[in-house]
Amino acid sequence: MREATTPKERLRQILLLVGPGALWLLLFVLVPTLIMLVASLMSRGSLGQLVPPFGLHNYLRFFTDPLYIEIIARSLWIGLWATVFVVLLGYPLAFYIAQSRYKEVLLLLVVIPFFTNFLIRVYAWIVVFQREGLINAFITAFGLPPADLLPSTLAVYVATVYTYLPFFVLPLYATVERIDWRQLEAAYDLGARPLRAFWEAIFPQTIPGLFAGFLLVFIPAVGTFVIADLLGGGKITLVGNLIQLQFGSAQNWAFGSAVSMVLMGLVLFGLWLYARTQGEKGLDKLV
Amino acid sequence: MKRLLSLYAWLVFAFLYLPILVIVALSFNQSRFGVRFTGFTFDWYIRLFNNERILEYLTNTLIVAVVSTVVSTILGTLLAVGLVRFQFRWQEALRYLLYVPVVVPDVVMGISLLLLFDVVRDAIGWPQLSLFTIILAHISFQIAYVTLVVRARLMLLDPALEEAAKDLGATPWQTFREVTLPLIMPGVMAGALLAFSLSLDDFVVTFFTAGPGSTTLPLYIYSSVKLGVSPEIHALSSLMVGLTILILLLGTLFWRKRV
């Protein structure tokens, strides 16, 4: 910036540029979070509204009831396994795309499902899994009785993996593109076998992308309520379903806010761990 | 080894596209139930276009997407320029605040905004849950994405270009309009495109901030899916997938021309 700009003029420019956006984030991101915090400390009125007394009772209820501990554990468990399967499917795919002559087209093939409406992608699996669906059409064609695949945990897993796969492939691809392949040749020259060479020379270079992709899949997979709602048929309650229930038919906004705070706390804890291992810059790269 | 990788990759692509292709195929199927193809028809599309409610939901969806994209693109672009070009107090805090809508699960974002609208309505009797509140909610997560995309573009720019404009006597406004803005335009367009698709795609935040009479297409799909699958929804989904592909192709072409 030119030195001639007076401090007052500089302040005016900053306010003009940053002011509106910052104010928006303050009003619609920070303030709602604070309201949620206060609401989580309140109680449920007779009509479901938020009333005093204030206290930690909602949190106490959440952490002392095995039912809720089970729900949060199940959400983390399903999120974790879905993420593992996403990695297994997506990791080789990113390498294949990066090495292909048609990488732009292949990349577009990953981007299209990424931008396709989330509900449509979940809905598609109902069509595949339902009683008159694609899988049962195959099974019955061989003369076997149709299977009850919906609602089921299997369907929830498949749809979760399917939904978040592109979220993993895209950041990982960005890392794979930047790989220094000379290190692989060096490993070969030093007599390493292919698998060992890959593990020692290539895999470590993909760790940042692996981490970023992991978080981009794990966090939304733990928080989702739509997939379990539509494919789990109310049989599988995840933490997202619990929150939705409190703000829907259960009409307990105070408890719902407390569960949301717990979920948010888990996410922030995960990001804090990530920032510690990847350094401050890591967060920037992530998003 | 290479062959194995290629086989694996194409199986994953098949996994990505099989469900979508099934829906598109069934949208042209005469039979209302099941996946057996009994004959080709455009009936479901014709029914869809004759359904006035669907047109209303489509209009709602587009109003929300267009208005929220315009506002968030302007605010996000300004914010990105301010964050990159100036150092000021609270900058660090602002950066962290920017990450919140990106990393927090959407159900948390949705209920926190519902709480906000509820508290404000209790206090001053306004706003009712409507298209207006959906738009406010969408802008709140779009801003973050636009800012991050535009900021990435800005960081690639040579600050000397702006310095040169100033040395030649341009006012800050002229510098911004005639030098900075044209240079970051690809980033701004990419940010706007992302914001637009995020809005079209959003179900969860919309679900919590919508009121009576403000049904959008994703809300409609959700409520019909809860009742069961239908060929009309197949047709609607196929059209939306087609629209997504069209937007992406246009975006790719635009991007290539500018860079």
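Rules behind the numbers
- Residues numbered from 1 in each chain as written.
- Chains lettered and ligands numbered in written order.
- Predicted model: local features only at pLDDT ≥ 70, side-chain atom pairs only at ≥ 80, totals over all residues.
- Helix = DSSP H or I, 4+ residues; strand = E, 2+ residues; numbered from the N terminus.
- Rg over C-alpha atoms; globule rule 2.2 N^0.38 Å.
- Buried ≥ 20, exposed ≤ 12 C-beta atoms within 10 Å, placed from the backbone.
- Contact = placed C-beta atoms within 7 Å.
- Core = buried A, V, L, I, M, F, W, Y, C linked by C-beta atoms within 7 Å.
- Domains from an automatic or database assignment.
- Nonpolar A, V, L, I, M, F, W, Y, C, P; charged D, E, K, R; others polar.

A. View of the overall build of chain A. Secondary structure summary: chain A contains 13 helices and 2 strands in total. The globule rule puts the C-alpha radius of gyration for 287 residues at 19 Å, and the 24 Å found for chain A is more than 25% above it. Residues counted as buried form 43% of the 287 residues belonging to chain A. Within chain A, counting contacts between residues at least 6 apart in sequence, those at least 24 apart form 69% of the total.

B. Spotlight on the overall build of chain B. Per the secondary structure count, chain B includes 11 helices and 0 strands. Principal-axis analysis of the C-alpha atoms places the extent of chain B at approximately 75 × 65 × 35 Å. Across the 259 residues in chain B, those meeting the buried criterion constitute 42%. Sequence separation of 24 or more characterises 81% of the internal contacts of chain B that already satisfy a separation of 6 or more.

C. Molecular detail of the interface of chain B and chain A. At the junction of the two partners, chain B supplies 72 residues and chain A supplies 66 residues. The biggest single contributor to the side of chain B that touches chain A is helix 1 (residues 2–26) of chain B, with 12 residues.

D. Expanded view of the nonpolar core. If you look at the biggest cluster of nonpolar residues, it comprises 147 residues, and the most contacted ones within it are V122(A), W125(A), L231(A) and I221(B). Look past the residues within four positions of I221(B) in its chain and what remains in contact with it is L119(A), I120(A), Y123(A), I233(B) and L236(B).

E. Layout of the environment of Q130(A). If you trace the backbone, Q130(A) turns up in the loop between helix 5 (118–129) and helix 6 (134–141). Of the residues examined, Q130(A) has 23 C-beta atoms within 10 Å and is grouped as buried. Sequence separation of Q130(A) and H57(A) is 73 residues, and the distance between their C-alpha atoms is 42 Å. For Q130(A), the contacting residues outside a window of four places in its chain are L150(A) and V229(B).

F. Examining the domain arrangement of chain B more closely. Residues and elements named next belong to chain B. Taken domain by domain, chain B consists of domain 1 (1–41) and domain 2 (52–258). Using C-alpha coordinates to define each centre, domain 1 is positioned 32 Å away from domain 2. Counting residues at the interface gives 7 residues for domain 1, matched by 6 residues for domain 2. Among the residues forming the side of domain 1 that touches domain 2, the class breakdown is 4 nonpolar, 2 polar and 1 charged.

G. Layout of unusual backbone geometry. For the peptide bond that leads from P52(A) to P53(A), omega is 5 degrees, which places it in the cis range. Among the secondary structure elements, P53(A) is positioned in the loop between strand 2 (50–51) and helix 2 (57–64). Each neighbour pair has its own omega, and for W126(B) with P127(B) the value is 5 degrees, a cis peptide bond. Following the sequence through the fold, P127(B) ends up in the loop between helix 5 (106–124) and helix 6 (131–155). Located in the positive-phi region is Q251(A), a residue other than glycine, with phi close to 55 degrees. Within the element layout of this structure, Q251(A) appears in the loop between helix 11 (239–247) and helix 12 (253–278). Residue W90(B) is not a glycine yet carries a positive backbone phi of 70 degrees. Topologically, W90(B) is positioned in the loop between helix 3 (52–85) and helix 4 (91–103).

H. Spatial organisation of the domain arrangement of chain A. Residues and elements named next belong to chain A. Domain assignment breaks chain A into domain 1 (1–40) and domain 2 (56–286). Distance from the C-alpha centre of domain 1 to the C-alpha centre of domain 2: 34 Å. Along the lines of polarity and charge, the residues of the side of domain 1 that touches domain 2 split into 3 nonpolar, 1 polar and no charged.

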